[in-house]
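Structural overview
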Amino acid sequence: MNSNIDIVTIITVAGIIQSIFLSLIFAFIKKGNQRANRMMAMLLFCLAISITNSVLIRIRWLDFCLVNFSTNITLLFGPFILFYVRLLIEHNYRFARKDILHFLPFIIIFVYFFKIYFSDINFKNSYVATLISQGPLSPGKFDVTIILIITQIHMWTYIYKIRRLLIRHEEHVKQFYSTIEEMSLRWVRFIIAIFSMVYLTLIALFIFAFSHYRQIGLGIVGVVVTTAIYYFAYKGLKQPEILFSLEFESCQRSVPNEDNVVSDLHRYYQQLDRLMIDDKVYRNPGLSLMELAKILCIPRSLLSQVINEIAGVNFFDYINKHRVEEAGRLMVDPKNEHLTIVAIGSDAGFNSKASFNRAFKKFTQMTPSEYRRLHQNQSNQYKKNKAI
């Protein structure tokens, strides 16, 4: 039994141990969304198995590995990530029998390669040697090529599904909240982007790279994927449970009559606009649609209709546009020259620099720093002209 242990292998083995440890934490942790945590535990455990098998092949400990199983088990990554996201954003999600179909590709390919998984050591040595020297596109290994194509199509399909799910979720959240950092799951999009780059790299390695560079590349990809999954797990541990408040409104006010809907909606919008101007309620970072409806003493659904139809935007954009306008006023006021950009954003109602920058650039096409610098330059030029 030959051994080929290098620094990449040592790092990867450390990652395997950490992955198993994290899977146990997620399996038994009591805080947050426990059903989503258990799904994360299964994903981490599958990752540990996949990497372990790859390491055994890399160091030629073929007695203990299942050849091609690392590729096969990646067919579970997409379904587990999809169900993890669903369980995070759909609190009442229940598994149905049809969900078993997500795991059918894994089962079919497992059955297909069953004999190879448990073949004798001489066959494994010959099989692995051919794959390493000639790659999966070598003659006689077209079944491996087909499986690799299937896994690529499979993962890209799930990347598309997960991205669409996240986009729909963010659009939904923006109807109810003015601050969405903890609920938008942007960090999941980042992980999906990492997976996309990894799978594109794998395509290039298998098609273009020679065997030596392919093995180095696969080792680096393994480290990147492992790191990405750990980041995924870390963010998952910090992710609070996403619950939408659907409390009944305590104030009673009649819904507009159908004959006078438009005029009533405009009247409510005027009340809302006055509230923004006079009380500046948007400066509350945690302001929600429910809270604003209670202040105005109108039903939440009616307030949402007013904002959507009269203002023509969702609740998130409506509130953040007022915050951006307030921040702009604060930045051009000479009294606030001593305040930092972060302080001004906080005063306007933003709870982080990142959210402030995103919103400000969306509505003004420039960053807060650029906006402030522009107005400072204009002010200085005005003073010079006036002095002349």
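Throughout, a residue's number is its position along its own chain's written sequence, starting from 1. Where local features are concerned, this predicted model is filtered to residues with pLDDT of at least 70; where side-chain atom pairs are given and counted, the filter is 80 or more; whole-chain, interface and lining totals use all residues. Only heavy atoms go into the side-chain values, all of them from the structure, while hydrogens and water stay out.

1. A look at the overall build of the protein
- By the criteria applied, helices consist of DSSP H or I runs no shorter than four residues and strands consist of E runs no shorter than two, each listed in order from the N terminus. The secondary structure content of the protein amounts to 17 helices and 0 strands.
- Each residue gets one of three labels from its accessible area relative to the maximum for its type: buried under 20%, exposed over 50%, partly exposed in between, using a 1.4 Å probe on protein chains only. Taking all 388 residues of the protein together, the buried fraction comes to 45%.
- About 21000 Å² of surface is accessible on the protein, with carbon and sulfur atoms providing 61% of the total. Method for areas: the Shrake-Rupley scheme with a 1.4 Å probe, in which residue coverage is limited to the protein chains shown.

2. Some remarks on the pattern of salt bridges
- What makes a salt bridge here is a side-chain nitrogen of Lys or Arg within 4 Å of a carboxyl oxygen of Asp or Glu, nothing more. Summed over the entire model, instances satisfying the criterion amount to 7 salt bridges.
- The partner of Glu170 in a salt bridge is Lys174, with the nearest N and O atoms 3.4 Å apart. Of the two residues, Glu170 and Lys174, neither departs from the other in class, the shared state being buried.
- Arg189 is paired through a salt bridge with Glu170; the nearest N and O atoms lie 3.1 Å apart. Here Arg189 is found in helix 9 (residues 186–208), whereas its partner Glu170 is found in helix 8 (residues 142–173), with 19 residues between them in sequence.
- Put simply, Lys280, Arg283, Glu326 and Arg329 are held in one network by salt bridges that share partners.

3. Re a nonpolar patch on the surface
- Note that patches include only residues with greater than 30% relative accessible area and no salt bridge, and the join distances are 9 Å for like charges and 5 Å for nonpolar side chains (Val, Leu, Ile, Met, Phe, Trp, Tyr). A cluster of nonpolar side chains, namely Leu101, Leu104, Ile107, Ile108 and Val111, defines an oily patch on the protein surface of about 470 Å² accessible area.
- Judged by its relative accessible area of 56%, Leu101 is exposed.

4. Concerning the packing of aromatic side chains
- The rule is short: rings of Phe, Tyr and Trp, with Trp giving its six-membered ring, pair when the centres are within 6.5 Å, and they are stacked under 30 degrees, edge-to-face over 60, tilted in between. Scanning all chains against the criterion turns up 12 aromatic pairs.
- Taken together, a centroid distance of 5.7 Å and an interplanar angle of 55° make the contact between Phe80 and Phe103 tilted. Of this pair, Phe80 sits in helix 4 (residues 77–89) while Phe103 sits in the loop between helix 4 and helix 5 (104–112); the two residues are 23 residues apart in sequence, bridging distant segments of the chain.
- On the basis of relative accessibility, which here comes to 22%, the residue Phe103 falls in the partly exposed class.
- Centre to centre, the rings of Phe360 and Tyr371 are 5.2 Å apart; their planes meet at 75°, and the pair counts as edge-to-face. Of this pair, Phe360 sits in helix 16 (residues 353–364) while Tyr371 is found in helix 17 (residues 368–387), placing the two residues 11 residues apart along the sequence.
- The structure contains a cluster of three or more aromatic residues connected by ring pairs, namely Phe80, Phe83, Tyr93, Phe95 and Phe103.
- The ring of Phe350 has Arg323 sitting right over it, with the charged end atom 5.9 Å from the ring centre. We call a charge positioned above a ring when the Lys NZ or Arg CZ atom is no farther than 6 Å from the ring centre and deviates by at most 35 degrees from the ring normal.

5. Quick word on helix 12 (residues 289–296)
- If you check which residues of helix 12 are buried, you get Leu289, Met290, Leu292, Ala293 and Leu296. Each buried residue of helix 12 lies within a common arc of 165° when the element is viewed along its axis, so the set occupies one face.
- Cys297 occupies a position one or two residues after helix 12 and carries a positive phi of about 60°. Starting at the helix axis, one direction is taken to each C-beta atom, and the arc is that of these directions.

6. As for the environment of Asn284
- For Asn284, the position within the fold is in the loop between helix 11 (261–279) and helix 12.
- Along the backbone, Asn284 and Ser178 are 106 residues apart, and their C-alpha atoms lie at a distance of 9.2 Å.
- Every residue in contact with Asn284, bar those within four places of it in the chain, is listed here: Ser178, Glu291 and Arg323.
- Pairs of N or O atoms are called polar contacts if they sit within 3.5 Å, as long as, within protein, a hydrogen donor faces a hydrogen acceptor (for residues adjacent in sequence, only side-chain-to-side-chain pairs). A polar atom in the side chain of Asn284 sits 3.2 Å from the side chain of Glu291. The contact definition used throughout considers only heavy atoms, calling two residues in contact when any of these lie within 4.5 Å.

7. Regarding unusual backbone geometry
- Of note, Lys280 is a non-glycine position whose phi angle comes to about 50°, a positive value.
- Despite not being glycine, Gln365 shows a phi value in the positive range, around 60°.
- Note that Gln365 resides in the loop between helix 16 and helix 17.

8. Here's the deal with the side chain of Asn336
- Inspection of the secondary structure assignment puts Asn336 in the loop between helix 14 (315–332) and helix 15 (341–348).
- The buried category is assigned to Asn336, whose relative accessible area is 12%.
- At 2.9 Å, the side chain of Asn336 and the backbone oxygen of Leu330 are in polar contact.
- With sequence-adjacent residues up to four places away left out, Asn336 is seen in contact with Leu330, Ile344 and Arg372.

9. Describing the confidence of the model for the protein
- Confidence of the predictor at the level of single residues is given by pLDDT, which spans 0 to 100. Confidence in the prediction of the protein, expressed as mean pLDDT, is 81, and 79% of residues score 70 or more.
- The low-confidence segment residues 245–256 (pLDDT under 50) makes 24 contacts with residues lying over four places distant or belonging to another chain.

10. Details of the nonpolar core
- Among buried residues, those of type Ala, Val, Leu, Ile, Met, Phe, Trp, Tyr and Cys that are joined through side-chain atoms within 4.5 Å constitute a nonpolar core. Counting 63 residues, the largest nonpolar core has Ile81, Tyr84, Val85, Val188 and Phe232 as its most contacted members.
- With 13 residues, helix 2 (residues 34–58) is the largest single contributor of residues to this core.
- The residues touching Phe232, leaving out its near neighbours within four places in the chain, are Met40, Leu43, Ile81, Tyr84, Trp187, Val188 and Ile191.
- Core analysis: the second largest hydrophobic core is formed by 26 residues, Ile180, Leu275, Leu287 and Ala293 among them.

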